[in-house]
Amino acid sequence: MNDRLRFHTRCGSLVKLSSNSRTAERRRPLDEFNNGVVMTHRPLRDNELFEIRIDKLVDKWSGSIEVGVTTHNPAALHFPATMTNMRSGTIMMSGCGILTNGKGTRREYGEFNLDELREGDRVGMMRKSNGNLHYFINGRDQGCAATKVAQILWGVIDLYGMTIKVTIVDRDEREQQNLVTRRNNIAAQNSNAAAAGNVTHETISNLTETPVVTALDLESLPTDRLTFHPICGSHATVTHSGRTALRPNASDDFNNGVVLTRRPLRPNELFQVRLERVVSKWAGSIEMGVTTHIPTELEFPFTMTNVRSGTWMMTGNGVMQNGTTVIEQYGQNLDRLQVGDRVGVVRKDDGVLHFYVNGMDQGPAATGVPEKVYGVIDLYGQAAQASIVDTSECGSPDTGNSTISNTTLYSSEPRLRFHQVHGRNARISNGGFTASRPKALAEFNGSIVFSNRPLRQRELFEVVLENMIDHWTGSIEIGVTGARPDEVILPSTATDLSNDTLMLSGSSLIYNGAIVRNGLIPFDLDTLGTGAKIGVMRNGDSIHFVIDGVDQGPAYELRTPNLYAVIDLYGQCAQVSIVAPQLDIRAPYATSENSQSLQATSVIQPALEAKHRWSCISGNISLSQNWTMVNRCVNSAAALSHGLAFSEHPLVVGEQFEIKITEINQMYAGCLKFGVTDLNLADEHVRKNIPSTIKRIPANVCTFRAMKYVTMGHSSIDLLLPLSGFVLGIVLRWISHQHVPSYPP
């Protein structure tokens, strides 16, 4: 760590060094444009990248940063006003050209002009082991700039003209990707500048300003409730009385979104935010932590992980202290959070810092954290908007009334509603729970509505049909889409949507406007009447439709990470309302009627509830009755294979797992196979690739011995004889053998 590149203490006469000599700044930037040369404290090694970030520019001078290498030792060098004045041992990139010993050797080099770089851009250099010198801009190799360069070279930065501050940085592929994306955005905007200039007066008059909290508003804010401070990063804005922070131009820039709390956090106080908007074009996402820096005195950085003192941040799935990674693998990856997810931080009264994701404690992250720290979030990359969530809304992890548990992980998340963005003929009412087509006799389309957030795994979005009219043909259509409602141009009907849109229309399945499957369900959506219920959910990558509480089985696979539910109030369907989610109670559908465990259950006796449900299933299976009943699909397209189902949780030693056969079909040969497996169903890849039969389960994760089925003391008997009502159970013993009791019907 002591050999980490930094700037040499001997430098140009106007240079000021800070941050352990990793940051260089030119003093009197509006009066002087040169005397800003800085060099590395040691020679560069072969294939070592020396990279800096431009932190600050002034719009006064012509020309900007110049970078290069020199054979001159900074300890003995008489520093020139500009490095391009050196007449020996020096190679510099200036503008878009290369100068060797002060003379131009390449007029056009690379794809960037240094004079056009912006704050946040990165410039680097590397001497390859073959003796070639390469420059890097925003992580992209600009090619060979010179050959056969000297073996011993110091890195040089000239804070010339517009450039007044830089910082040595470590390589960050995520940042580099975002910088390239930003440059592409700028290029596209420049190419469309003429079209962009034709904004009509009507368009401008329709724009509304977002309310911003000013310093004067602080007097009217509650003194106790946590709020964001109005002084924040240059690309951030604080709204809604200090409770919401956002990057208004999140499609154009990915950083400068640091926001701090208005007051320090109290011991054991949870500072928690809910992610409300993401922009998927960038890499990285929200970062959270605490800092000893006061908002009114902090010089806001591009990202909070650049702060070198008094700061602890969770970024990705790691923890950084003062810009240095201290825990590489800590908890859930913040870069994978979706809209509606929550992230929080607590400083315990013993000085230990804990982070929380969706209410789940990720464990100790740091110790010895000072008492007076401010909460901080960095709306970086994809994270475009977040709001503070009071502990009263979901229960503090430190109190006994917390609503967070392993089985109710999302109970405090925002309930599914209809999105405020909808078709021109639709109306949202009843607090977002009802969608209607008010002019149903005059208009039959233009009434697409969406869920207010993406669906979670195994979350059912279900509506009840409340108003039907016979004036039109066709009726409700339901499905999912990968398009964000606020970023899509709405067509007249949902079946015309693209962006990974899957719709059930009538009895046909339509993907991105094309029919991919007919006869998906045994009846037609167009025949549903008032009071019927229809829903959609995702299980892994499979999309399931549910009609009147009956799961119709996997309909299609979509790997899109964020999927919104879509309803089209088409034709006869004039009004629907979202059905309130049912409590997640383990009903005893999978318990034997002859078993002692089948007793009257109540909330006072949770131990008597059915503890198991089905979870991972293959493609020809549907689930119903709170995921305790599994059925093989029987429609004309269904196969006799792909009928595997697994328990939701691994078996515990001494615990009995029972099933009852409720229906058989005597037209077919063969029957049930029942047993255990050590297949790692916690692995997402395994869950997405469930084989068609038991014999095809990969041998490396499931032995055939573990998949034999044992009854009445025999070692390998297929269950060919059981009738409807036959009950089977399995118990794990310490000796690691299976014991399968059976009962007559």
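Let us look at the structure shown here. (Residues numbered from 1 in each chain as written. Predicted model: local features only at pLDDT ≥ 70, side-chain atom pairs only at ≥ 80, totals over all residues. Heavy atoms only, no water.)

What to know about the overall build of the protein
Scanning the protein for helices and strands turns up 5 helices and 48 strands. Taking contacts inside the protein between residues at least 6 apart in sequence as the whole, the part at least 24 apart equals 66%. Within the structure as shown, the protein displays about 34900 Å² of accessible surface, and the carbon and sulfur contribution to it stands at 49%. (Helix = DSSP H or I, 4+ residues; strand = E, 2+ residues; numbered from the N terminus. Contact = heavy atoms within 4.5 Å. Areas by Shrake-Rupley, 256 points an atom, 1.4 Å probe, with all protein chains shown as cover.)

What about the sheet that holds strand β28 (residues 427-429)?
As summarised here, the arrangement of the 7 strands in space is β28-β29-β40-β31-β36-β37-β38, forming an open sheet in which the pairing is antiparallel. In this open sheet, the two edge strands, each paired with only one partner strand, are β28 and β38 (550-557). Neighbour-to-neighbour, the strand axes of the sheet open up by a mean angle of 25°, direction not taken into account. (Pairing = 2+ DSSP bridges. Axes fitted to C-alpha atoms, helices over the stretch in contact; angles between N-to-C directions.)

A closer look at the layout of surface pockets
If a probe the size of a water molecule is rolled over the atoms, the empty space left behind becomes visible. Estimates place the volume of the second largest pocket at around 750 Å³. Taken together, 31 residues form the lining of the second largest pocket, with D55, K165, E299, F300 and P301 sitting closest to its centre. Elements supplying a minimum of two residues to the lining of the second largest pocket: β1 (15-18), β2 (23-26), β4 (50-57) and β13 (163-168). A breakdown of the residues in the lining of the second largest pocket according to their chemical character gives 7 nonpolar, 11 polar and 13 charged. Composition of the lining of the second largest pocket by domain shows at least three residues from each of domain 1 (15-171) and domain 2 (228-388). (1 Å grid on protein atoms, 1.4 Å probe; cavity = no way out; pocket = protein on both sides within 12 Å on 5 of 7 lines; lining within 4 Å. Points joined across faces, edges and corners; volume = space filled by probe spheres on them. Nonpolar A, V, L, I, M, F, W, Y, C, P; charged D, E, K, R; others polar. Domains from an automatic or database assignment.)

Brief notes about the pattern of salt bridges
Counted by the stated rule, this structure contains 19 salt bridges. Between E269 and R266 there is a salt bridge, with its nearest N and O atoms 3.8 Å apart. Residue E269 is classed as buried on the basis of its relative accessible area of 16%. Exposure remark for R266: the relative accessible area of 38% places this residue in the partly exposed category. Among the charged side chains, a salt-bridge network with shared partners connects D3, R42, R45 and E48. (Salt bridge = Lys/Arg side-chain N within 4 Å of Asp/Glu carboxyl O. Buried < 20%, exposed > 50% of the residue type's maximum accessible area, 1.4 Å probe, protein only.)

Digging into the packing of aromatic side chains
Applying the stated rule across the entire model yields 11 aromatic pairs. Ring geometry for Y330 against F355: centres 6.0 Å apart, planes inclined by 80°, an arrangement best described as edge-to-face. You can see Y330 sitting in the loop between β21 (324-327) and β22 (342-347) and its partner F355 sitting in strand β23 (residues 353-357), a full 25 residues away along the chain. Like Y330, the residue F355 is buried in the burial classification. Centre to centre, the rings of F418 and F461 are 6.0 Å apart; their planes meet at 85°, and the pair counts as edge-to-face. With F418 in strand β27 (residues 418-422) and F461 in strand β31 (residues 461-468), this residue pair connects regions lying 43 residues apart in the sequence. Under the relative-accessibility criterion, F418 is labelled buried at 5%. Pairwise contacts between aromatic rings join F33, W61 and Y160 into one cluster. The ring of W282 has K281 sitting right over it, with the charged end atom 5.3 Å from the ring centre. (Phe/Tyr/Trp six-rings, centres within 6.5 Å; stacked < 30°, edge-to-face > 60°. Lys NZ or Arg CZ within 6 Å of the ring centre and 35° of its normal.)

So, the nonpolar core
Core analysis: the biggest nonpolar cluster contains 37 residues, and F228, F271, V273 and I377 have the highest contact counts within it. When residues of this core are traced back to their parent elements, those giving at least two are β17 (270-278), β18 (287-291), β19 (311-315), β22, β23, β24 (360-366) and β26 (383-388). One finds A435, I476, L558 and I578 within the second-largest nonpolar core, a separate group that totals 34 residues. (Core = buried A, V, L, I, M, F, W, Y, C linked by side-chain atoms within 4.5 Å.)

Observations regarding unusual backbone geometry
The phi dihedral of K148 falls on the positive side, at around 55°, and the residue is not glycine. You can call K148 exposed: its relative accessible area is 79%. Positive phi values are uncommon outside glycine, yet N430 reaches one of about 55°. Mapped onto the elements, N430 comes out in the loop between β28 and β29 (434-436). Its relative accessible area of 53% is what places N430 among the exposed residues.

Topic: the side chain of E48
Note on placement: E48 falls in the loop between β3 (37-39) and β4. Taking relative accessible area as the criterion, E48 reaches 16% and is therefore assigned buried. Among the polar contacts made by the side chain of E48, one reaches the side chain of R42 at a distance of 2.7 Å. Aside from chain neighbours lying at most four places away, what touches E48 is L5, R42, P43, M125 and M126. (Polar contact = N/O pair within 3.5 Å; in protein donor to acceptor, adjacent residues only side chain to side chain.)

Comments concerning the environment of M468
Turning to its location among the elements, M468 is positioned in strand β31. Given a relative accessible area of 18%, M468 falls into the buried group. Put simply, M468 and L528 are 60 residues apart on the chain and 9.2 Å apart in space, counted from C-alpha to C-alpha.

What to know about the pairing of β2
Side chains T23 and E25 project from β2 onto one buried face, and the interleaved A24 and R26 project onto a second face that is buried too. Counted along the chain from β1 to the antiparallel partner β2, the turn is 4 residues long, and its residue S19 has a positive phi close to 50°. Strand direction decides the pairing type here: β2 and β13, joined by 3 bridges, are antiparallel. Note on β13: the bridge partner recorded for E25 is K165.

As for the environment of C144
Assignment of secondary structure puts C144 in strand β11 (residues 140-146). C144 gets classed as partly exposed once you look at its relative accessible area, which sits at 26%. The spacing of C144 and L133 is 11 residues in sequence and 5.8 Å in space, taken between C-alpha atoms. The contacts of C144, once residues within four sequence positions are left out, are R106, Y109, N132, L133 and H134.

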